[in-house]
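Fold and contact review
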Amino acid sequence: MKTFVLNLWESLKTSFWFLPGLIIISSIIISYLAIAVDKSCNANAYQLPGLLFTGGAEGARTVLATIAGSMITITGVTFSITIVALTLASSQFGPRLMRNFMKDRGNQLVLGIFSATFIYCLLVLRAVHTSETFAFIPNISTSFAIVLSVLNVGILIYFIHHISSSIQADSVIWSVYKELVQSIERLFPEELGHDLEKDELDAIDFSVQEKAFQNSQVLSASQSGYLQAVINETLMDYTTTKDVFISIHYRPGEYIIYGSPLVTVYSNKAFDDDTEKIIQSFIIGNKRTPEQDVEFSIHQLVEVAARALSPGINDPFTAIACIDRLGSVLGICAAKISLLPGVSMIRVNSG
């Protein structure tokens, strides 16, 4: 269950709609709360502070309409700048690097705040009401819209600086390297596994363990695509409760063809119909993700270096930076996999 949630979170955080959508929903809630506060203040005839908006209904409509119009214009410009940056990054660093720009939290926040300000002003503008006997002017809500517009000016300046620095080669390489190190720390923690002496490791023969079981069943892949993650918790629970031995033929990051052997299950008992749980433990998608695939980020660094050395770009310093980061990764791996006095073993039966 944890692996499935992490895989879902990976797809959500690399989308342009999730975080901006949450911010827009929050702005809708805030607009209704602000209007409710205004209605309460008007009903109880509270004296509003002098810093708040004190204009009439037409003034409130003008202010809110101006802010809403300017925000939707800035949002369009922001989207245009983002698309240009994505196009530039795709052509210079490779299309697989677009995922790193799409998951950038700063870009998502800026797009969400600008869109949310526009929605907030529209909803507050709808609440302005005048008649011959009654007039409702949301002074507090309008004042908050003015504050948001001032803050958005600073956010726009931040966005221009952020997007300019994020497309620099050093920033791109650092982003990929940081994600790679995080993947290594998450997938290969120091407390994982059991240390075995080298002679004990050489003495292990998995074919002997497989022959110890009387029955075997090959489970085929139900779809084609890249193996994004394996739900280890489900497999471990199945092997312990059913007393079986499971041999996995693919590792995360490899491409699986529909109908190809996915796993082989060994058991001394007759197989039941709940082997479908094993198939559902493999999350297959249309693209590779770094959730359990350490090589994904390594391939990204290699792709950036290869493109930098191409005749069209001819940027050897970017390639040197990629090699430096890959060297740091090798140092981390060497510290993780210590061969003296013991060795930590992870078995992958790759088909």
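Refer to the structure above for everything that follows.
All figures in this text were calculated on a predicted structure; none of them were measured in a lab.

1. Some points on the packing of aromatic side chains
Throughout the structure, instances matching the rule amount to five aromatic pairs. Measuring from ring centre to ring centre gives 5.5 Å for Tyr120 and Phe144, while their planes differ by 75°; the resulting arrangement is edge-to-face. Placement of the pair is Tyr120 in helix α5 (residues 105-127) and Phe144 in helix α6 (residues 139-166), with a sequence separation of 24 residues. Given a relative accessible area of 1%, Tyr120 falls into the buried group. For Phe144, a relative accessible area of 34% corresponds to the partly exposed category. Between Trp174 and Tyr177, the ring centres sit 5.8 Å apart and the planes meet at 40°, which makes this aromatic pair tilted. Here Trp174 and its partner Tyr177 are both found in helix α7 (residues 169-187), three residues apart, which amounts to about one turn of the helix. Trp174 gets classed as partly exposed once you look at its relative accessible area, which sits at 41%. Lys39 extends its terminal NZ or CZ atom over the ring of Phe136, reaching a point 6.0 Å from the ring centre.

2. Structural notes on the pairing of strand β8 (residues 261-267)
With six of seven residues buried, β8 is to be regarded as a mostly interior element. Of the strand pairs in this sheet, strand β4 (residues 215-220) and β8 are connected by six bridges, and their pairing is antiparallel. In the strand pairing of β8, Ser216 is matched with Tyr266.

3. Some points on the environment of Arg251
Secondary-structure assignment places Arg251 in the loop between β6 (245-248) and β7 (255-256). Side chain to side chain, Arg251 and Glu295 meet in a polar contact 3.5 Å long.

4. Some words on the nonpolar core
A general tendency of soluble globular proteins is for nonpolar side chains to be buried together. Among the nonpolar cores identified, the biggest contains 23 residues, and Phe93, Leu97, Ile173, Leu180, Ile184 and Val304 are the most heavily contacted of them. Element by element, the count of residues in this core is highest for α7, at eight residues. In this view, Val304 contacts Phe93, Leu97, Ile173, Thr318 and Cys322; residues no more than four positions away in its chain are not counted. By size, the runner-up hydrophobic cluster in this structure holds 22 residues, among which are Phe114, Phe118, Ala145 and Phe159.

Rules and cut-offs
Residues numbered from 1 in each chain as written. Predicted model: local features only at pLDDT ≥ 70, side-chain atom pairs only at ≥ 80, totals over all residues. Heavy atoms only, no water. Phe/Tyr/Trp six-rings, centres within 6.5 Å; stacked < 30°, edge-to-face > 60°. Helix = DSSP H or I, 4+ residues; strand = E, 2+ residues; numbered from the N terminus. Buried < 20%, exposed > 50% of the residue type's maximum accessible area, 1.4 Å probe, protein only. Lys NZ or Arg CZ within 6 Å of the ring centre and 35° of its normal. Pairing = 2+ DSSP bridges. Polar contact = N/O pair within 3.5 Å; in protein donor to acceptor, adjacent residues only side chain to side chain. Core = buried A, V, L, I, M, F, W, Y, C linked by side-chain atoms within 4.5 Å. Contact = heavy atoms within 4.5 Å.

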